[in-house]
Amino acid sequence: MVVTEVAQRNGYLMAFRAAALLNAAAVLFQAVTAGQMLSGAGAGMHGAGAGAVHVLGLVLLVAAVLLWRPGRRAGWPALVSLAVLLLGFVQSMLGGSGAVLTHVPLGAGLFGLSVWLLVWSWRP
């Protein structure tokens, strides 16, 4: 109980929740703009959204590390957040090179990890 109180009192949990929500929303936005690209629109938005995914992936990682170390919460969200950040870069590289057969499934996996972190952050 004391561990949870430390994380909540210092705002680390709320910061992680906000970062997880924004990250999941950015990845979802990427899926929407990818769908729009199939009809010939949304290429610029999809490219700009990739930058948001990278920035929010870093924010998510920082928030997860703060939640873990000074916040005294579980450490595994920091590892998953690192995976989200790195997979986001791989995802961007694959999309830029036109490797759609790996880009699309990796995007689905990235969204799954993002939602997993978001759901975990709101569990009691």
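What this report covers is the structure whose coordinates are included nearby.

1. Focus on the layout of surface pockets
Link 1 in the chain: What the largest pocket holds in volume is close to 600 Å³.
Link 2 in the chain: Among the residues forming the lining of the largest pocket, the class breakdown is 13 nonpolar, 13 polar and no charged.

2. So, unusual backbone geometry
Link 1 in the chain: You will see that arginine 72, though not glycine, has its phi angle at about 65°, which is positive.
Link 2 in the chain: On the secondary structure map, arginine 72 appears in the loop between helix H3 (43-68) and helix H4 (76-97).

3. Some thoughts on the environment of histidine 54
Link 1 in the chain: Secondary-structure assignment places histidine 54 in helix H3.
Link 2 in the chain: Given the relative accessible area of 17%, histidine 54 is considered buried.
Link 3 in the chain: Along the chain, histidine 54 and glycine 112 lie 58 residues apart, while their C-alpha atoms are 16 Å from each other.
Link 4 in the chain: Each residue touching histidine 54, except ones within four places of it in the same chain, is listed here: Leu85, Gly88, Phe89 and Ser92.

4. Concerning the packing of aromatic side chains
Link 1 in the chain: The full count for this structure, using the stated rule, is 3 aromatic pairs.
Link 2 in the chain: Where tryptophan 76 meets tryptophan 116, the ring centres are 4.9 Å apart and the plane angle is 20°; that geometry is what we call stacked. Taken together, the residues span a long stretch of sequence, with tryptophan 76 in helix H4 and tryptophan 116 in helix H5 (residues 100-121) at a distance of 40 residues.
Link 3 in the chain: Take tryptophan 76: its relative accessible area is 30%, and that puts it in the partly exposed class.
Link 4 in the chain: What makes tryptophan 116 partly exposed here is its relative accessible area of 45%.
Link 5 in the chain: Aromatic pair tryptophan 76 and tryptophan 120: ring centres 5.2 Å apart, planes at 70°, arrangement edge-to-face. Taken together, the residues tryptophan 76 in helix H4 and tryptophan 120 in helix H5 connect sequence positions 44 residues apart.
Link 6 in the chain: Residue tryptophan 120 is classed as buried on the basis of its relative accessible area of 16%.
Link 7 in the chain: Ring-pair connections join several aromatic residues into one group, and the members of that group are Phe16, Trp76, Trp116 and Trp120.
Link 8 in the chain: Of note, arginine 17 hangs over the ring of tryptophan 122, and the distance from its end group to the ring centre comes to 4.1 Å.

Each value, and the rule that gives it
- Residues numbered from 1 in each chain as written.
- Predicted model: local features only at pLDDT ≥ 70, side-chain atom pairs only at ≥ 80, totals over all residues.
- Heavy atoms only, no water.
- 1 Å grid on protein atoms, 1.4 Å probe; cavity = no way out; pocket = protein on both sides within 12 Å on 5 of 7 lines; lining within 4 Å.
- Points joined across faces, edges and corners; volume = space filled by probe spheres on them.
- Nonpolar A, V, L, I, M, F, W, Y, C, P; charged D, E, K, R; others polar.
- Helix = DSSP H or I, 4+ residues; strand = E, 2+ residues; numbered from the N terminus.
- Buried < 20%, exposed > 50% of the residue type's maximum accessible area, 1.4 Å probe, protein only.
- Contact = heavy atoms within 4.5 Å.
- Phe/Tyr/Trp six-rings, centres within 6.5 Å; stacked < 30°, edge-to-face > 60°.
- Lys NZ or Arg CZ within 6 Å of the ring centre and 35° of its normal.

Interpretation in functional terms is not warranted from these geometric data alone.
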